[in-house]
Amino acid sequence: GRGPDHPVISAAPLRKPFSKVTKEDLSFFRNLLPGRTITDPDLIRSSNIDWLRTVHGNSEILLRPKTTEEVSEILRHCNKRNLAVCPQGGNTGLVGGSVPVFDEIILSTSLMNQVITFDNISGILTCQAGCVLEKLSHFLEERDFIMPLDLGAKGSCQIGGNVSTNAGGLRLLRYGSLRGTVLGLEVVLADGRVLNCLATLRKDNTGYDLKQLFIGAEGTLGVITAVSILCPHKPKSLNVAFLGCSSFQHLLETFQCCRGMLGEILSAFEFLDASCMKLLEKHLKLSNPITESPFYIVLETAGSNAAHDEEKLHKFLEAVMTSSLVIDGTALWSLRERVTEALTHDGYTYKYDISLPVEKIYDLVQDMRRHLGDKAKNVVGYGHVGDGNLHLNITSPSKDPRLLAAIEPYVYEWTSQWKGSISAEHGLGLKKRNYIHYSKHSEVVALMGNIKALLDPKGILNPYKTLPDNMHR
Ligand code: FAD
Ligand code: MLT
Ligand code: ZN
């Protein structure tokens, strides 16, 4: 059963009957976390607003634990007292999952930022959940390794947040999803129990793989406190190429040819359309380094022998015969990575993160342009071609309910008709929770509800998120 069988409740959720923080609660927290129980509204403000500045809560208390034991004490107390909690990492999430909706206590992992162990033979890193992705990357690069994931938010996002959203990003094509590279997790359950699944083994088939439940659970099943992750060796040779394409069909052919000719050294294949390029030029003053084209590709090779990689890359570029540039990667990568930022300067952004058969992904953008006509300011497409993941973004001078009504549920129906996913990598959070039925059958959603009830019977962990409204207790 999809779509029409399940009337979508699009209204804001109602506050559930959780307790309010009392003086006694505050003194409990202050005693447990002296100097790290924040109640100054000026210091809490940025934790109440999401990165996109589209949703905000009214929490009056921000807790900053440093250890797993402290997280356990916090949750044990909150569960006993029926106090709701919003786990927060770097607060770069794009679906409104990382900020409270009402007065939920914000549990920030920002001070849980220690590397626990790194084994330079196996490449297995174990660290606390609040380590910032870019800091981990630097730590590893000094040791000749890299993180298996990379994303535009690397300077702020934390590994615990990445795991909780099962973030994809720019390297998934090469190193696969976190469901494969995360080897172990330590999680604190709603009642304070510490679940130690912090294995550092490649292989372990002793029963159910419980850590998978918490990967992509968006803080609704437990708080991740530590992560073990398998890290690849740092490639000796990296090349980035920026290519123009005359049509999306041409882009797909280039992708096919690239897989054939670059094979094992291909490490990323990303695209942006001409509308994205205009926004980069207008709002960020970045310039297009090649001939103007309807589509642009950022592709990366990562290998162990520079001469071999360059030869392959040049043969490939000769074969596809299109306008292209191969220079130092950082400048080219920012044209792809900073599209998100350019969009925020263009107005209120309606963001859609869709998985579809790759040959269909740009049809959705073109169809949406026709469908919306002049109701939208800009309709743009970019994303992870190699993973069949489109980022469809629609801007408007300001928040516009009429525009939103024209986009949703149209975009979800379109996606479900082609058996796509309405959230490829960002999660459901607050914004997409009631649309889950477009991508999951009702029996599956019901079982998700059972698991939530088993692990968090009072529903204190990130209420109003991920599960549809009728399923929150
Ligand atoms: P937050 O935003 O703080 O939280 C995200 C969710 O996880 C929330 O539901 C929160 O409650 C929960 N959570 C956080 N920490 C924990 C924890 N320790 N335990 C339990 N729950 C927790 N995503 C992609 O997949 N691919 C991309 O390429 C990508 N690029 C991005 C680029 C930009 C510029 C931005 C702003 C975002 C991008 N994202 C991307 C979105 C992505 O979800 C996040 O950047 C990242 O994974 C979230 O990490 P965070 O630490 O900021 O988590
Ligand atoms: C990206 O791939 O750039 C990110 O997922 C962020 C976005 O969708 O804007
Ligand atoms: Zn993305």
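Residues numbered from 1 in each chain as written. Chains lettered and ligands numbered in written order. Predicted model: local features only at pLDDT ≥ 70, side-chain atom pairs only at ≥ 80, totals over all residues.

### As for the overall build of the chain
And then number 1: Of regular secondary structure, the chain possesses 17 helices and 16 strands.
And then number 2: Taking 23 Å as the expected radius of gyration for a compact globule of 473 residues, we find that the chain reaches 22 Å, a close match to that expectation.
And then number 3: Taken across its 473 residues, the chain has 47% of its residues classed as buried.
And then number 4: Relative to all contacts within the chain whose residues are 6 or more apart in sequence, the contacts with residues 24 or more apart total 75%. (Helix = DSSP H or I, 4+ residues; strand = E, 2+ residues; numbered from the N terminus. Rg over C-alpha atoms; globule rule 2.2 N^0.38 Å. Buried ≥ 20, exposed ≤ 12 C-beta atoms within 10 Å, placed from the backbone. Contact = placed C-beta atoms within 7 Å.)

### Here we look at the nonpolar core
And then number 1: If you look at the biggest cluster of nonpolar residues, it comprises 69 residues, and the most contacted ones within it are Phe269, Ile297 and Leu364.
And then number 2: Residue contributions to this core peak at 6 residues, all from strand 12 (residues 295-303).
And then number 3: Not counting residues up to four positions away in its chain, the partners in contact with Ile297 are Leu243, Cys245, Leu251, Thr254, Phe269 and Phe271.
And then number 4: Among the nonpolar cores identified, the runner-up in size contains 56 residues, and Val21, Leu140, Val187 and Val188 belong to it. (Core = buried A, V, L, I, M, F, W, Y, C linked by C-beta atoms within 7 Å.)

### Quick look at the site of ligand 1
And then number 1: In the vicinity of ligand 1 lie 37 residues, with Gly89, Gly97, Gly160, Gly161 and Gly219 positioned nearest.
And then number 2: For the shell around ligand 1, the secondary-structure elements that each account for two or more residues are strand 3 (85-88), helix 5 (159-165) and strand 9 (223-230).
And then number 3: No other element matches the 5 residues that helix 5 contributes to the shell around ligand 1.
And then number 4: Each residue belonging to the shell around ligand 1 can be placed in one class, and the counts come to 11 nonpolar, 23 polar and 3 charged. (Near = placed C-beta within 6 Å. Nonpolar A, V, L, I, M, F, W, Y, C, P; charged D, E, K, R; others polar.)

### Focus on the site of ligand 2
And then number 1: If you check the shell around ligand 2, you find Gly152, Val339, Thr340, Asp353, Gly383 and His391 and nothing else.
And then number 2: Across the shell around ligand 2, the residue classes tally to 1 nonpolar, 4 polar and 1 charged.

### Observations concerning the environment of Glu73
And then number 1: Within the fold, Glu73 resides in helix 3 (residues 68-81).
And then number 2: Residue Glu73 is classed as partly exposed on the basis of its C-beta count, with 19 C-beta atoms lying within 10 Å.
And then number 3: Each residue touching Glu73, except ones within four places of it in the same chain, is listed here: Leu32 and Gly192.

### Some points on helix 3
And then number 1: Taking 1.5 Å as the rise per residue, helix 3 with 14 residues should run 20 Å; its terminal C-alpha atoms sit 20 Å apart, in good agreement.
And then number 2: Residues of helix 3 that are buried include every one of Glu70, Val71, Ile74, Leu75, Cys78 and Asn79, and no others. For helix 3, the angular spread of buried residues about the axis comes to 160°, placing them on one side.
And then number 3: Check the buried side of helix 3 and you find it contacts helix 1 (23-32), strand 2 (62-63), strand 3, strand 4 (105-108), strand 7 (182-188) and strand 9.
And then number 4: One or two positions beyond helix 3, positive phi appears at Asn82, with a value near 60°. (Expected span 1.5 Å × (residues − 1). Arc of directions from axis to C-beta.)

### Concerning the sheet that holds strand 6 (residues 124-128)
And then number 1: Taken together, the 5 strands give an open sheet; going across it, the order is 5-6-9-7-8, and neighbouring strands pair in antiparallel fashion. The sheet is open, and its two borders are formed by strand 5 (115-119) and strand 8 (194-197), each paired with just one other strand. Ignoring strand direction, the axes of neighbouring strands in this sheet form an average angle of 10°.
And then number 2: By the bridge criterion, 5 bridges tie strand 6 to strand 9 in an arrangement that is antiparallel. Bridging across to strand 9, Thr126 finds its partner in Ser228. (Pairing = 2+ DSSP bridges. Axes fitted to C-alpha atoms, helices over the stretch in contact; angles between N-to-C directions.)

### Details of the UniProt feature "domain: FAD-binding PCMH-type" (unreviewed entry) in the chain
And then number 1: Cross-referencing UniProt, the feature "domain: FAD-binding PCMH-type" (unreviewed entry) maps to residues 54-234 in the present numbering.
And then number 2: In residues 54-234, helix accounts for 23% and strand for 22%; the two terminal C-alpha atoms are 38 Å from one another. (UniProt positions renumbered as here; feature names shortened; annotations may be inferred.)

### A short note on the sheet that holds strand 14 (residues 348-355)
And then number 1: The antiparallel open sheet is built from 7 strands, whose spatial order is 13-10-12-11-15-16-14. Strand pairing shows two members of the sheet lacking a second neighbour, strand 13 (324-327) and strand 14, which therefore form its edges. Strand-to-strand twist of the sheet, defined as the mean angle between neighbouring strand axes without regard to direction, takes the value 15°.
And then number 2: As paired elements, strand 11 (residues 266-273) and strand 15 (residues 378-384) share 2 bridges and run antiparallel to each other. Its bridge partner lying in strand 15, Phe271 is registered against Gly383.

### Digging into the pairing of strand 14
Moving residue by residue along a regular strand, the side chains alternate between the two faces of the sheet.
And then number 1: The element strand 14 is extensively covered by neighbouring structure, given that 6 of its 8 residues are classed as buried.
And then number 2: Here strand 14 runs beside strand 16 (residues 389-396); their pairing, made up of 8 bridges, is antiparallel. Residue pairing in the sheet places Thr349 in a bridge with Thr395 of strand 16.

### Some details on the environment of Pro13
And then number 1: Locating Pro13 in the fold gives a position in the segment before helix 1.
And then number 2: Residues Pro13 and Thr466, spaced 453 residues apart in sequence, show a C-alpha to C-alpha distance of 12 Å.
And then number 3: Not counting residues up to four positions away in its chain, the partners in contact with Pro13 are Val101, Tyr464 and Asp469.

### Observations concerning the confidence of the model for the chain
And then number 1: Model confidence for the chain is summarised by a mean pLDDT of 96, while 97% of its residues fall at 70 or above.
And then number 2: As scored by the predictor, the complex reaches a pTM of 0.97 and an ipTM of 0.99. (pLDDT = per-residue confidence, 0-100.)

### Some details on the domain arrangement of the chain
And then number 1: Taken domain by domain, the chain consists of domain 1 (3-110 + 453-471), domain 2 (115-230), domain 3 (237-340) and domain 4 (347-426).
And then number 2: One C-alpha centre belongs to domain 1, the other to domain 4, and the line joining them spans 29 Å.
And then number 3: If you look at the interface, domain 1 gives 5 residues, while domain 4 gives 6 residues.
And then number 4: A breakdown of the residues in the side of domain 1 that touches domain 4 according to their chemical character gives 4 nonpolar, 1 polar and no charged. (Domains from an automatic or database assignment.)

### A few points about the packing of helix 9 (residues 248-262) against helix 11 (residues 306-320)
And then number 1: Relative to each other, helix 9 and helix 11 sit at 150°, their axes nearing to 10 Å. Comparing the axis directions of helix 9 and helix 11 gives the class roughly antiparallel. Crossing angle aside, the handedness with which helix 9 passes helix 11 is right-handed. When helix 9 is examined against helix 11, the residues Thr254, Cys257, Cys258, Met261 and Leu262 are found in contact with a partner set consisting of Lys312, Leu313, Lys315, Phe316, Ala319 and Val320.
And then number 2: Class assignment of the residues belonging to the contact of helix 9 with helix 11 gives a composition of 8 nonpolar, 1 polar and 2 charged. (Parallel < 35°, antiparallel > 145°, perpendicular 65-115°, else oblique. Left-handed = near helix turned anticlockwise from the far one by under 90°.)

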